[in-house]
Amino acid sequence: ERAQYTRNLFRSVERIQWGAEQYALELMVQVGHLSDLVLRQEYKLNKRSEEENADALADEISDVILNIFSIADEFSLSLPNLLRDQMGLKRTEIVDSARLVEGKQVESEEQIGQAMLELSKQSALLASMVTEVVEDKAKKEDLKKVLLEAFDSAMAVLDFYKVNLHKAFDKM
């Protein structure tokens, strides 16, 4: 719901209406921003305070997740419903940190690098797929899988840095 609300706010100020291709390109840009922050965080190459780093990470992660939701929405796919179906839940249960119950766990800086590489890979894959997926059921199924993988990777990063997604969306 917050992703849809935030997306509608952006739509009200954009001069052109975005589609799946624009969201996919923006996703790649935002994953790049997030990767830059994670890399600098990991190797202590930035001059920001811990609080400034936390805010920047929250901002970039929320941008990534917003674009994943936006791509799904462009293809009339409900990401919460896809997640519910994948997990066999009767309804989507999201915990306070906005992390879905039972997802990827990232516990070390080495694993965060792997999660970021996976997110980068899934983002590039989404960008290559959006132009091909129209009504081809097989390709739409592939798109669902990639959206879920990208979301899960983004949520693993969010969880590792203990980002409160609700607060991040509220700041947008």
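Now for a quick tour of the structure. From a predicted model like this one, the values you see are computed outputs, not experimental measurements. (Residues numbered from 1 in each chain as written. Predicted model: local features only at pLDDT ≥ 70, side-chain atom pairs only at ≥ 80, totals over all residues. Heavy atoms only, no water.)

### Digging into the overall build of the protein
Part 1 of the reasoning: A tally of regular secondary structure across the protein gives 7 helices and 0 strands.
Part 2 of the reasoning: Tracing the protein from N to C terminus, the helices and strands come up as α-α-α-α-α-α-α.
Part 3 of the reasoning: Nonlocal contacts in the protein, meaning residues at least 24 apart in sequence, comprise 75% of its contacts between residues at least 6 apart.
Part 4 of the reasoning: Approximately 10,100 Å² of the protein is accessible, and the part contributed by carbon and sulfur atoms is 50%. (Helix = DSSP H or I, 4+ residues; strand = E, 2+ residues; numbered from the N terminus. Contact = heavy atoms within 4.5 Å. Areas by Shrake-Rupley, 256 points an atom, 1.4 Å probe, with all protein chains shown as cover.)

### Overview of the pattern of salt bridges
Part 1 of the reasoning: Per the counting criterion, the structure on display carries 2 salt bridges.
Part 2 of the reasoning: For E118, the salt bridge is made with K121, and the minimal N-O distance between the two is 3.8 Å. In this pair, E118 and K121 are both assigned in helix α5 (residues 109-129), 3 residues apart and thus about one turn of the helix distant.
Part 3 of the reasoning: One salt bridge in this structure joins E141 and K144, with 2.9 Å as the shortest N-O distance. On the criterion of helical spacing, the pair formed by E141 and K144 is a turn pair, its members being 3 residues apart in helix α6 (residues 137-160). (Salt bridge = Lys/Arg side-chain N within 4 Å of Asp/Glu carboxyl O.)

### Re unusual backbone geometry
Part 1 of the reasoning: Even without being a glycine, S76 presents a positive backbone phi close to 55°.
Part 2 of the reasoning: When you line up the elements, S76 lands in the loop between α3 (50-74) and α4 (79-87).
Part 3 of the reasoning: With relative accessibility at 68%, the residue S76 sits in the exposed group.
Part 4 of the reasoning: The phi torsion at K162 lies on the positive side, around 55°, for a residue other than glycine.
Part 5 of the reasoning: Inspection of the secondary structure puts K162 in the loop between α6 and α7 (165-171). (Buried < 20%, exposed > 50% of the residue type's maximum accessible area, 1.4 Å probe, protein only.)

### Let's talk about the nonpolar core
Part 1 of the reasoning: Counting 48 residues, the largest nonpolar core has L34, I65, I68, I71, L79 and L147 as its most contacted members.
Part 2 of the reasoning: Listing elements by their share of this core, those giving two or more residues are α2 (20-42), α3, α4, α5, α6 and α7.
Part 3 of the reasoning: Residue contributions to this core peak at 11 residues, all from α6.
Part 4 of the reasoning: The contact partners of L34, leaving out residues within four places of it in the chain, are L57, E60, I61, V64, M116, L119 and V157. (Core = buried A, V, L, I, M, F, W, Y, C linked by side-chain atoms within 4.5 Å.)

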